[in-house]
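If you want the building blocks of each chain, they are given just below.
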Amino acid sequence: MKKIETVKQILGEQWQAAPQHTQGEAFAPSNIALCKYWGKRDQELNLPVTPSLSISLGAKGATAKLVITDADRDSITLNGKPLAADSPFAQRLIHFLDLYRAHLQPKFDITLTSNIPIAAGLASSAAGFASVTKALDQVMGWQLPAEKLAVLARLGSGSATRSLWQGFVEWHAGERADGLDSRGAPITQTWQDLCVGLLILNKKEKSISSREAMQRTVETSALYATWPAKVTEDLANIKAAINKKDFTLLGETAESNAIAMHATMRHANPPVNYSLESTNSAIQKIWDLRNKGLEVYFTQDAGPNIKLLFLQNEINAITTHFSQATVLQPFLTA
Ligand code: DP6
């Protein structure tokens with residue numbers, strides 16, 4: 001099935017309607033998966049093999065502004081700089097927008113502003129596609145509920161389906177071939193004193209996209225066979241941890257899930273390794289500090305950066321040991 005079929009099903013008659021406004025602007029938070037999405041059952045539709053669960057980052061994320069233009073092509077400005085139309089991210093964005101304008105729909109001046117580094121494993125493509133989807137909803141005047149926008153955002157980038165909400169979000173893998181049941185859904189529980197520390201070790205673009213790396217893992221890593229069962233167990237533990245406010249269970253599970261994901265990709269052929277020496281040293285430091293009684297855990301996505309997980313009462317200790325960390329309190333800033 002093609003992406004455009006999903007779009008037509010979600011939008012119905014609105015798919016062919018003319019834009020209602022000349023511009024739209026929206027923010028979407030970045031999200032960090034505590035139980036990761038790694039591997040697709042459908043590459044075209046970004047349908048995952050397993051469910052996943054994330055926490056959104058409050059005011060950290062992306063703002064998208066779409067302005068209808070008379071020009072014959074889209075223009076994209078990313079963090080104040082024009083983005084070449086043939087760059088991979090621009091191509092993905094333009095193809096995504098094309099899904100909504102098969103019938104003489106307009107070209108856009110797109111301004112994307114992200115307040116976290118792009119494409120360095122801080123899930124900024126998730127916030128990017130979620131914010132563009134919300135901004136499109138405004139220009140076009142669809143007034144779709146977040147549940148439907150989450151299905152559309154998934155077509156841009158899988159993890160974007162979790163960036164339609166603040167707080168904890170579960171992406172239900174779904175079973176349908178058309179993917180209409182595969183989308184993010186908010187979890188009502190909050191956790192006021194939960195903190196995330198962003199340890200930005202390298203701002204460069206990643207060497208291999210998560211898209212390519214996860215596909216290579218599915219196709220060539222024998223360890224990938226163990227991944228679905230690992231997710232089932234971890235997801236249950238993370239939900240239980242959120243229910244009981246059991247931080248040890250949350251931290252241990254999220255860290256173990258990230259380590260398992262990176263193990264599956266290291267076993268791919270050719271191997272995928274997103275860690276730098278600075279990543280490994282930070283991880284060792286976290287383990288050493290934990291052995292000394294500081295309750296801090298980490299998670300890592302498709303890049304070298306580390307996200308620390310800890311509780312509010314440890315903020316001082318964390319900033320003492322990791323002076324470059326940006327401390328976020330997702331439930332206070334949301
Ligand atoms: C490691 O959502 O960027 O961050 O669907 O191909 O766009 P595509 O992949 P993407 O993958 C994110 C992978 C991850 C884990 C996660 O966020 O769950």
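Residues numbered from 1 in each chain as written. Predicted model: local features only at pLDDT ≥ 70, side-chain atom pairs only at ≥ 80, totals over all residues. Heavy atoms only, no water.

(A) Geometry of the overall build of the protein chain. A count of helical and extended segments in the protein chain gives 10 helices and 13 strands. The C-alpha radius of gyration computed for the protein chain amounts to 19 Å, which stays within 12% of the reference 20 Å derived for 334 residues, consistent with globular compactness. By principal-axis analysis of the C-alpha atoms, the protein chain measures approximately 65 × 40 × 40 Å. When the 334 residues of the protein chain are sorted by exposure, 54% land in the buried category. Long-range contacts, defined as pairs at least 24 residues apart, comprise 75% of the intrachain contacts of the protein chain with a sequence gap of at least 6. When the 33 positive and 31 negative side-chain charges of the protein chain are each reduced to one mean point, those points stand 2 Å apart. (Helix = DSSP H or I, 4+ residues; strand = E, 2+ residues; numbered from the N terminus. Rg over C-alpha atoms; globule rule 2.2 N^0.38 Å. Buried < 20%, exposed > 50% of the residue type's maximum accessible area, 1.4 Å probe, protein only. Contact = heavy atoms within 4.5 Å. Lys, Arg positive; Asp, Glu negative; His and termini not counted. Charge placed at Lys NZ, Arg CZ, Asp CG, Glu CD.)

(B) The sheet that holds strand β13 (residues 326-328), seen in detail. The four strands are arranged β11-β12-β10-β13 in an open sheet whose pairing can be described as antiparallel. Strand pairing shows two members of the sheet lacking a second neighbour, β11 (297-299) and β13, which therefore form its edges. Ignoring strand direction, the axes of neighbouring strands in this sheet form an average angle of 30 degrees. Taken together, the six bridges between strand β10 (residues 194-199) and strand β12 (residues 306-311) define a ladder with antiparallel strand orientation. Looking across to β12, one finds that Leu199 is bridged to Ile306. Along the sheet, helix α7 (residues 247-266) makes contact with β10, β11 and β12, crossing β11 at roughly 40 degrees. (Pairing = 2+ DSSP bridges. Axes fitted to C-alpha atoms, helices over the stretch in contact; angles between N-to-C directions.)

(C) Structural context of the nonpolar core. Membership of the largest hydrophobic core comes to 45 residues, with the highest contact counts inside it found for Tyr100 and Leu136. Listing elements by their share of this core, those giving two or more residues are α1 (3-11), β1 (23-35), β4 (52-69), β5 (75-78), α2 (88-98), β7 (107-114), α3 (124-140) and α4 (146-156). Considering each element in turn, this core owes the most residues, nine residues, to α3. Membership of the second largest hydrophobic core comes to 41 residues, among which are Cys35, Leu53, Ala213 and Ala241. (Core = buried A, V, L, I, M, F, W, Y, C linked by side-chain atoms within 4.5 Å.)

(D) Local environment of the pairing of β10. Here β10 lies mainly inside the structure; six of its six residues are buried. With burial as the criterion, each face of β10 is covered, one bearing Leu194, Val196 and Leu198 and the other bearing Cys195, Gly197 and Leu199. Here three bridges tie β10 to β13, and the two strands are oriented antiparallel to one another. Residue pairing in the sheet places Leu198 in a bridge with Thr326 of β13.

(E) Structural view of the confidence of the model for the protein chain. Put simply, the protein chain has an average pLDDT of 94, and 95% of its residues get 70 or more. Contacts for the low-pLDDT stretch residues 119-123, under 50 throughout, to residues beyond four places or in other chains number 25 contacts. (pLDDT = per-residue confidence, 0-100.)

(F) Broad picture of the site of the ligand. The full set close to the ligand counts 18 residues, and Tyr37, Lys40, Ser157, Gly158 and Ser159 are the nearest of them. A distance of 2.6 Å is found between an oxygen atom of the ligand and a side-chain nitrogen or oxygen belonging to Ser159. Interatomic distance of 2.8 Å between a side-chain N/O atom of Arg211 and an oxygen atom of the ligand. Summarising the interface, the protein chains cover 96% of the accessible area of the ligand, which totals 460 Å² for the free molecule. The element contributing the most residues to the shell around the ligand is helix α5 (residues 210-220), with three residues. A per-class count over the shell around the ligand returns six nonpolar, six polar and six charged. (Near = heavy atom within 4 Å. Polar contact = N/O pair within 3.5 Å; in protein donor to acceptor, adjacent residues only side chain to side chain. Areas by Shrake-Rupley, 256 points an atom, 1.4 Å probe, with all protein chains shown as cover. Nonpolar A, V, L, I, M, F, W, Y, C, P; charged D, E, K, R; others polar.)

(G) Layout of the pairing of β7. Residues of β7 alternate between two faces, with Phe108, Ile110, Leu112 and Ser114 buried on one and Lys107, Asp109, Thr111 and Thr113 left unburied on the opposite face. Relative to β7, β4 runs antiparallel, the two sharing eight bridges. Considered in β7, the bridge of Ala62 is made with Ser114. In terms of strand pairing, β5 meets β7 through four bridges, oriented parallel. Bridging across to β7, Ser75 finds its partner in Asp109.

(H) Spotlight on the pattern of salt bridges. Scanning the model with the defined rule gives nine salt bridges in all. Lys239 is the partner of Glu170 in a salt bridge, and the nearest nitrogen-oxygen pair spans 2.9 Å. Here Glu170 is found in strand β8 (residues 168-172), whereas its partner Lys239 is found in helix α6 (residues 227-244), with 69 residues between them in sequence. A residue is classified by how much of its surface remains accessible, and Glu170, at 8% relative accessible area, is buried. Under the relative-accessibility criterion, Lys239 is labelled partly exposed at 32%. The salt bridge involving Lys230 is made with Asp234; its shortest N-O contact spans 3.1 Å. Note that Lys230 and Asp234 are positioned in helix α6 at a spacing of four residues, about one turn of the helix. Summarising the burial analysis for this pair, Lys230 and Asp234 share the class buried. The structure contains a network of salt bridges with shared partners spanning Lys36, Asp301 and Lys307. (Salt bridge = Lys/Arg side-chain N within 4 Å of Asp/Glu carboxyl O.)

(I) Just α6, in detail. In this model, α6 (18 residues) spans 25 Å end to end at C-alpha, consistent with the 26 Å of a helix rising 1.5 Å per residue. All of the buried residues in α6 are Trp227, Lys230, Val231, Asp234, Leu235, Ile238, Ala241 and Ile242. Buried positions in α6, seen along its axis, are confined to an arc of 130 degrees and lie on one side of it. Opposite the packed face of α6, turned more than 90 degrees from it, sit the exposed residues Ala229, Thr232, Glu233, Asn243 and Lys244. Elements that come into contact with the buried residues of α6 comprise β1, β4, β8 and α7. A positive phi of about 55 degrees marks Lys245, the residue just after α6. (Expected span 1.5 Å × (residues − 1). Arc of directions from axis to C-beta.)

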